[in-house]
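# Structural features, examined
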Amino acid sequence: MMKRFALTGLAALAVTASAAVAADEAATIRAALAEVLPDFKPTSVKATPMEGLYEVEIGPQVMFVTGDGRYLIDGAIIDLESRENIAEQAQARARLRSIEQVGEENMVVFEAPSPEHTITVFTDIDCGYCRKLHEQIQAYNDAGISVRYMFYPRAGADSPAYDKAVSVWCADNRQEAMTRAKAGESMPKRQCANPVAEHRQLGELMGIRGTPAIVLDSGDMVPGYVEPKRLAGLLEQSAAAN
């Protein structure tokens, strides 16, 4: 009996010691990153299945850092048993968390009558393929896909596309205003408190360069226009894989 208790105590001590080591290494990593990336504070630092390697999340970005805080790994990390890209899975989770923190109340949402999937689309009102996507908004909804728009005027804050995004957001009916703007109609210029700058900054952190950029409900990102039936298929595949 005493031997069993002793073994249990040793096991608990080992777990405690391991947790303490992990906490120390996480603190070392935070300190190292603070020196080279002082403007970016990690939202989480956690151990990976690989000993001595930590997953560091900074908003929608993910990197991997050794426990001594010296080496940073930015690229694919493949589990050769499962054949899964651990880095991309972590990146997808980070994207999704960052988008959810924005909140649907700060997006223009076209909800499906019977939603099975939800995509988030970074859009530029003047982008041709963004307009093509929106022309089929009913087809996406009919396929059970709710569409949440976030604004990504590619030309920046001093551009007509940015002003149109703000005007859409400030309209009395944002869905109607989005549809009219994407159809090329002239919109009355409006000003109000809006999330356009926040949307664009998040898109930049995600590395978005072109629009539309579609984030699936798994957090995976698909660049460019995808027609409704094919997108429904991609969503089903992604759901099955996750």
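So, here is what we can say about the structure in this document. Since this is a predicted model, take the numbers as computed values, not measurements.

About the criteria used
- Residues numbered from 1 in each chain as written.
- Predicted model: local features only at pLDDT ≥ 70, side-chain atom pairs only at ≥ 80, totals over all residues.
- Heavy atoms only, no water.
- Helix = DSSP H or I, 4+ residues; strand = E, 2+ residues; numbered from the N terminus.
- Rg over C-alpha atoms; globule rule 2.2 N^0.38 Å.
- Buried < 20%, exposed > 50% of the residue type's maximum accessible area, 1.4 Å probe, protein only.
- Contact = heavy atoms within 4.5 Å.
- Areas by Shrake-Rupley, 256 points an atom, 1.4 Å probe, with all protein chains shown as cover.
- Lys, Arg positive; Asp, Glu negative; His and termini not counted.
- Charge placed at Lys NZ, Arg CZ, Asp CG, Glu CD.
- Pairing = 2+ DSSP bridges.
- Disulfide = S-S within 2.5 Å.
- Arc of directions from axis to C-beta.
- Axes fitted to C-alpha atoms, helices over the stretch in contact; angles between N-to-C directions.
- Phe/Tyr/Trp six-rings, centres within 6.5 Å; stacked < 30°, edge-to-face > 60°.
- Lys NZ or Arg CZ within 6 Å of the ring centre and 35° of its normal.
- Salt bridge = Lys/Arg side-chain N within 4 Å of Asp/Glu carboxyl O.

## What about the overall build of the protein?
When its secondary structure is counted, the protein shows 8 helices and 11 strands. For the protein, the C-alpha radius of gyration of 22 Å lies well beyond 18 Å, the compact-globule estimate for 242 residues. Overall, the protein is about 80 × 40 × 30 Å in size when its C-alpha atoms are taken along their principal axes. Across the 242 residues of the protein, 41% fall into the buried class. Across the protein, contacts joining residues at least 24 apart in sequence account for 65% of those joining residues at least 6 apart. Roughly 13400 Å² of accessible area belongs to the protein as shown, and the carbon and sulfur atoms make up 53% of that amount. Positive and negative side-chain charges of the protein, numbering 24 and 33 respectively, have mean locations separated by a distance of 1 Å.

## A word on the pairing of strand E3 (residues 61-66)
Within E3, 5 of the 6 residues are buried, which leaves it mostly tucked inside the rest of the structure. Connecting strand E2 (residues 53-58) to the antiparallel partner E3 that follows it, the hairpin turn spans 2 residues, and Gly59 within it adopts a positive phi of roughly 60 degrees. As paired strands, E3 and strand E4 (residues 72-73) are joined by 2 bridges and run antiparallel to one another. Within the sheet, the bridge partner assigned to Phe64 lies in E4 and is Ile73. From the end of E3 to the start of E4, which pair antiparallel, there are 5 residues, and Gly69 there has a positive phi angle of about 75 degrees.

## What to know about the state of the cysteines
With the rule as written, the count across this model stands at 1 disulfide. Sulfur-sulfur distance for the disulfide between Cys170 and Cys192 comes to 2.0 Å. On the sign convention where negative means left-handed, the S-S torsion of about -95 degrees between Cys170 and Cys192 marks this disulfide as left-handed. On the criterion of sequence distance, the pair formed by Cys170 in the loop between helix H5 (160-169) and helix H6 (174-182) and Cys192 in the loop between H6 and helix H7 (196-205) is long-range, its members being 22 residues apart. Residue Cys192 is classed as partly exposed on the basis of its relative accessible area, which comes to 33%.

## Things to note about helix H3 (residues 128-135)
Quick reminder: α-helices carry 3.6 residues per turn. Residues three or four places apart thus point the same way. Buried within H3 we find Cys130, Leu133 and His134. In a view along the axis of H3, the buried residues occupy a sector of 95 degrees, so they form one face of it. When the buried face of H3 is taken as reference, the exposed residues oriented beyond 90 degrees from it are Gly128, Tyr129 and Glu135. The inward-facing, buried residues of H3 abut strand E7 (108-110), strand E8 (117-123), helix H4 (137-142), strand E9 (145-151), H6 and strand E10 (213-215).

## Concerning the sheet that holds E10
Each strand in a sheet pairs with its neighbour through backbone hydrogen bonds, running either in the same direction (parallel) or in the opposite one (antiparallel). Read across the sheet, 5 strands follow the order E7-E9-E8-E10-E11 without closing on themselves; strand pairing throughout is mixed. The strands lining the two open edges of the sheet, one partner per strand, are E7 and strand E11 (221-223). Averaged over all pairs of adjacent strands, the angle between their axes in this sheet comes to 25 degrees, without regard to strand direction. Of the strands in this sheet, E7, E8 and E9 touch H6, which is tilted by about 90 degrees from E7.

## Regarding the packing of aromatic side chains
If you walk through the whole model with that rule in mind, you get 2 aromatic pairs. Here Phe110 and Tyr149 contribute two aromatic rings whose centre-to-centre distance is 5.9 Å and whose plane-to-plane angle is 85 degrees, an arrangement assigned as edge-to-face. You can see Phe110 sitting in strand E7 and its partner Tyr149 sitting in strand E9, a full 39 residues away along the chain. According to the relative accessible area criterion, Phe110 is buried, its value standing at 9%. Between Arg174 and the ring centre of Trp169, over which it is positioned, the NZ or CZ distance is 3.5 Å.

## What about the pattern of salt bridges?
All told, the structure shown has 12 salt bridges when counted by the stated rule. A salt bridge links Lys46 to Glu55; the shortest N-O distance between them is 3.9 Å. Note that Glu104 is salt-bridged to Arg148, the shortest N-O span being 3.1 Å. With Glu104 in the loop between helix H2 (86-102) and E7 and Arg148 in strand E9, this pair connects stretches of sequence that are 44 residues apart. A network of salt bridges, in which partner residues are shared, links Lys46, Glu55 and Arg93.

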